[in-house]
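Letter by letter, the chains look like this.
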Amino acid sequence: MKHSQRSAPAPRRSVSRSIITVIAEVLLTFAAICGLYVAWMQWWTGVESAHVQEETRQQVAWAQPDAGGALTIAQPQQGEPPVQPESARVGELMARVYIPCFGDQWERNLVQGTSLVELNQHGLGHYETSQMPGQVGNFAIAGHRNGYGQPLGDVDRLQPGDAIVIRSQDYWYVYQYTNYTIVTPDDGSVIGPNPEHPGEAPTKRMITMTTCEPKYTTPTHRWISFGELAYWAKVADGIPQELAKEGPDGAVQFVNNEKQSFFTSIGSLAPYVWGALAVYALVFAAAAVAWRWPALRAIREGRKPLPDADIYGWLLRHQPGAAPVRWLLVLLLVFAAVCALFQWGFPWAAGNIEFLKQMSNYVTI
């Protein structure tokens, strides 16, 4: 006598396991968003700043030294250094700055003004009350040490004698780093005409660079780097020795010949958000017509057990098409979400959540 065999009952959804899974996914998502915020702050703000700086350079008629051309070394000139520019409006490009110690490809714009609008977007800012390049006194500039391309992030690497090269439209001003000090934010003497002897008439042609200290935590002090003018030269005569290297054929080459990167060319991530969503909609519609929802159908017909409740599994199961298509659709949504965070979410958070605002030095522009 044969006994009828009963099929094993389908396993039921575990409530406790579902709760743990959802909580774990929420925590992992929060951790991922925090990591993306750090990437936005440390990297993407620098990309945006580099984009603005490149656009600014393209708008002015300052020829970039051609790495493939017949360059010469600009010889130091005698006599009183010319002052250029003699004046500038807030936000106006005054000079381009090169500090070889920070790398051959290191270059930043210098604009008039030191508000967060200027420093966040334009690289370096000139203290309006300080002297102009080449003048007797103190030519004082400021820049971020963290985020926004961290133009002065490596000031602790400077050694006495290192070059700080300022290029105006027609002249090179080559300063040499001398020393540094660390002061509290209320010490304005460091950007005065004579920071070495406040109150006395200046006799040197100095440069002062100010940035935050410490680098990665809430800045409580300012790192102040000093330098003195070594010589000046004419842009029409070539490039300073400090920015030159010898090519394979023995010709003079400009060390800073890096081309614009792909990311620097991106002005806004909004087109990438809408583009990803448009592709998602097209693939979703095509997959729905061709395959419908095989993952849900398999569960409904009992060929697959009812899964525990989760977030990302639910999202994957509710996409139409075969498994590779469903993964593609989910990745398109993730890509659009990350781009949206970089474009709108993180700037809003940095501009409105107080502790992020203090940490990020972000201003809505």
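The rules behind the values
- Residues numbered from 1 in each chain as written.
- Predicted model: local features only at pLDDT ≥ 70, side-chain atom pairs only at ≥ 80, totals over all residues.
- Heavy atoms only, no water.
- Helix = DSSP H or I, 4+ residues; strand = E, 2+ residues; numbered from the N terminus.
- Buried < 20%, exposed > 50% of the residue type's maximum accessible area, 1.4 Å probe, protein only.
- Contact = heavy atoms within 4.5 Å.
- Expected span 1.5 Å × (residues − 1).
- Arc of directions from axis to C-beta.
- Phe/Tyr/Trp six-rings, centres within 6.5 Å; stacked < 30°, edge-to-face > 60°.
- Lys NZ or Arg CZ within 6 Å of the ring centre and 35° of its normal.

**Brief notes about the side chain of Q112**
1) Next: Within the element layout of this structure, Q112 appears in strand β2 (residues 108–112).
2) Next: Residue classification places Q112 among the buried positions, given a relative accessible area of 4%.
3) Next: Excluding residues within four positions of it along the chain, Q112 makes contact with A88, R89, V90, G91, E92, M94, E118, H126, Y127, E128 and M132.

**Let's talk about helix α3 (residues 270–290)**
Owing to its 3.6 residues per turn, the α-helix brings residues three or four apart onto one side.
1) Next: Its 21 residues give α3 an end-to-end C-alpha distance of 30 Å, which sits within 8% of 30 Å, the value for a rise of 1.5 Å per residue.
2) Next: A270, V273, A276, Y280, A287 and A288 are the residues of α3 that are buried. One side of α3 carries all its buried residues, which in axial view fall inside an arc of 135°. What points out from α3, more than 90 degrees from its buried face, is the exposed set P271, W274, L282, V289 and A290.
3) Next: Looking at the buried residues of α3, the elements they touch are α6 (323–352).

**So, the packing of aromatic side chains**
In this description, a pair of aromatic rings is defined by centroid distance and the angle of the planes.
1) Next: Following the criterion strictly, the structure yields 16 aromatic pairs and no others.
2) Next: Aromatic pair W40 and F346: ring centres 6.2 Å apart, planes at 45°, arrangement tilted. Of the two residues, W40 sits in helix α1 (residues 15–59) while F346 sits in helix α6, which places them 306 residues apart along the sequence. F346 shares its class with W40; the two are buried.
3) Next: Seen from their ring centres, W44 and F342 are 6.1 Å apart, and the 65° between their planes marks the pair as edge-to-face. Here W44, found in helix α1, pairs with F342, found in helix α6; they are 298 residues apart in sequence, far enough to count as distant. Taken individually, W44 and F342 each receive the classification buried, so the pair is uniform in this respect.
4) Next: Clustering of aromatic rings is evident, with ring pairs tying together Y37, W40, W43, W44, F342 and F346.
5) Next: Above the ring of W172, the side-chain terminus of R167 is found at 5.8 Å from the ring centroid.

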